[in-house]
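What the coordinates show
What follows is the residue order along each chain.
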Amino acid sequence: MRGRRIPLALPNTGTLHRKRNTYYLRGIIVITIVIFLFLQLHAFNFPESHDPLLTEPTNDSVDAILSMVPSVLHKFLTPKSRNQTLAANLQHNGTVLNGGGSVSFLDSYHPPNISEIKRQIAKYNDMQIVLNEYTFGPLQNDSVIIVIQVHTRIIYLRHLIVSLAQARDISRVLLIFSHDYYDEDINDLVQSIDFCKVIQIFYPYSIQTHLNEFPGVDPNDCPRDIKKDQAIIRKCNNALYPDLYGHYREAKFTQTKHHWWWKANRVFDQLEVTRYHTGLVLFLEEDHYVAEDFLYLLEMMQRRTVDLCPQCNILSLGTYLKTFNYYTYNSKIIHRISKRRPLEAPKFNSDKFHEVEVMPWISSKHNMGFAFNRTTWSSIRKCGKHFCSYDDYNWDWSLQHVSQQCLQRKLHAMIVKGPRVFHIGECGVHHKKKNCESNQVISKVQQVLRIARKSGQIFPKSLTLTVASLIKKTKLRKGNGGWGDRRDHELCLNMTLPIR
């Protein structure tokens, strides 16, 4: 008969303790690896603290910004009231002020009323006066036309003008300022430009000149958020046609798209000085800032499209600072990075060649500082119905819709990797902030360009094409809405006149 088994305690060999320690050790190793990888990624995205090029302090005071600008250009950054401008003009013309036997206008200036603004707009658009043409000569067919869309942000515009004034070969271009708001201080600023030819055009269907009627806000317009059935009962304007999201028209958002389409038609097909021009037209906005070699690089890109990218029909010079990396402009840092990641590092350094890449034009990435010629415009123009009826209040999304749905030859862009056009606007249609001062962003841009100069990346001798990372085929996108009103469609289409 078997005896009963009596359990005996095993000797303490430390196995459980060792297993527990092993788990702890593995956990520590994993955490260490994660921290190490994070620090490595952090090093690629931010300047190294010991690099003198990148540790220069950013001073965004007015004096510091002025110190970066030649004194001869300070006049563009110095605000002047309309009275000061009138006084200067009167004295320049020999008119004696206040008690000198002649009339004084200093105490009698008043802003123009709507009727006077309409008359002035019609006069400017009819006369088509090119300022400084006698000084710089007529527009040449190989010269660049720069079209600047202007609203009311004069502070940003001042800095854009200063940056343009410092660009090489700026005297050869024609600057076209396209306004959707009549402001005499802005007019005085633009008309004070003395470094190239200038012409002003005025969008004639602005909210400013149509306060209580379409394309402004008509008193009978449907409120944005009213339900369609309620709108029909109310019989407000366009009740049958809300946008994709059930909202009704907001004039302040529709104006920008109208203005962009109008100015493109105006420049390519209607202005006498430009309607036969076959060279590049570069599109900028009032809150952009350019590098001194932007024209040099643009013309180099145009020459190299033949061999680098025959299918390219848009050249893009811009980027947004949030997506921009300082390393692009620092050859020393690039050389250090290339030792770690040779397949991904930019290759331009001592040979002074600059990288460009090619990809389909994407509205959210390539809508700033881009240029195309009359051939490309002719294709876009034929697709005007797609542009004008697409339910999206953004002109750039509408242009991408044209490329995807209408153009036989899609929009392809050659993009410069080291940007030459920067966005300095902190506030605008889509961005509302408590602090709209431009100084901080201007200072950052100046620092970027200072790094570019010190690292020898300005005025490269040649271009090299890099293979862009694989981009998924762009899906057809649903519009952002805001463009369901049939009146907007009709107005937009009527801006494209038959070719004579």
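Higher on the page you've got the structure.
To keep things clear, this report deals only with the structure shown in the data block. (Residues numbered from 1 in each chain as written. Predicted model: local features only at pLDDT ≥ 70, side-chain atom pairs only at ≥ 80, totals over all residues. Heavy atoms only, no water.)

**Focus: the sheet that holds strand β11 (residues 421-423)**
Using the following cut-off: By this definition, two strands are paired if DSSP reports at least two bridges between them. For the purposes of this entry, the term helix denotes a DSSP run of H or I that reaches at least four residues, the term strand denotes a run of E that reaches at least two, and both are numbered from the N terminus.
Pairing is mixed in the open sheet, where three strands are placed in the order β5-β11-β7. Edge strands, defined here as strands with exactly one partner in the open sheet, are β5 (288-290) and β7 (318-319). Of the strand pairs in this sheet, β7 and β11 are connected by two bridges, and their pairing is parallel. Note on β11: the bridge partner recorded for Gly318 is Val421.

**Re the sheet that holds strand β1 (residues 145-150)**
Note the cut-off: Whenever a helix is involved, its axis is fitted only over the stretch in contact; in every case the axis is a line through C-alpha atoms, and angles between N-to-C directions fall within 0 to 180 degrees. Any pair of residues with heavy atoms lying within 4.5 Å of one another is described as a contacting pair.
Pairing is mixed in the open sheet, where nine strands are placed in the order β3-β2-β1-β4-β9-β6-β10-β8-β12. Single-partner strands in this sheet number two, and they are β3 (197-202) and β12 (462-466). On average, adjacent strands in this sheet sit at an angle of 25 degrees to one another, irrespective of strand direction. Along the sheet, helix α7 (residues 184-191) contacts β1, β2 (174-179) and β3; its crossing angle with β3, the most-contacted strand, is approximately 155 degrees.

**Looking at α7**
Applicable threshold: For the exposure calls, accessible area comes from a 1.4 Å probe over protein chains only, and a residue counts as buried if that area is under 20% of its type's maximum, exposed if over 50%, partly exposed in between. A 3.5 Å cut-off defines polar contacts: any pair of N or O atoms within that distance qualifies, except that in protein one atom must be a possible hydrogen donor and the other a possible acceptor, and neighbouring residues in sequence count only when both atoms are side-chain atoms.
The element α7 is largely enclosed, with a buried count of six among its eight residues. Looking at where α7 begins, the residue whose side-chain oxygen comes 3.0 Å from the main-chain nitrogen of Asp185 is Asp183.

**Some remarks on the state of the cysteines**
The criterion, for reference: Disulfide assignment relies on a single distance test, namely cysteine sulfur atoms paired within 2.5 Å.
Applying the stated criterion to the full structure yields four disulfides. Between the sulfur atoms of Cys309 and its disulfide partner Cys312 the distance amounts to 1.8 Å. Every disulfide takes its handedness from the sign of the S-S torsion; for Cys309 and Cys312 that torsion is 85 degrees, giving right-handed. Assessed through its relative accessible area of 1%, Cys309 is described here as buried.

**Things to note about the packing of aromatic side chains**
In plain terms, the rule: Ring pairs shown here join Phe, Tyr and Trp side chains whose ring centres sit within 6.5 Å, with only the six-membered ring taken for Trp; geometry is labelled stacked below 30 degrees between planes, edge-to-face above 60, and tilted in between. Distance and angle both matter: a charge sits over a ring if NZ of Lys or CZ of Arg is within 6 Å of the ring centre and within 35 degrees of the ring normal.
Scanning the entire structure with this criterion turns up 20 aromatic pairs. Ring centres of Tyr203 and Trp262 lie 5.9 Å apart, and the angle between their planes is 65 degrees; on these two criteria the pair is classed as edge-to-face. Here the residue Tyr203 occupies a position in the loop between β3 and α8 (228-234), and Trp262 occupies one in helix α9 (residues 251-270), the gap between them amounting to 59 residues. Considered together, Tyr203 and Trp262 belong to a single accessibility category, that of buried residues. Ring geometry for Phe268 versus Phe372: centroids 5.8 Å apart, planes at 10 degrees, classification stacked. Placement of Phe268 in helix α9 and of Phe372 in strand β9 (residues 370-372) is noted, with a sequence separation of 104 residues between them. These aromatic residues form a ring-pair network of at least three members: Trp260, Trp261, Phe268, Phe283, Trp361, Phe370, Phe372, Trp377, Phe387 and Trp395. Its guanidinium or amino end placed over the ring of Phe387, Lys257 lies 5.1 Å from that ring's centre, counting from NZ or CZ. Taking the ring centre of Trp483 as reference, the NZ or CZ of Lys257 above it sits at 4.2 Å.

So yeah, pure geometry; function would need other evidence.
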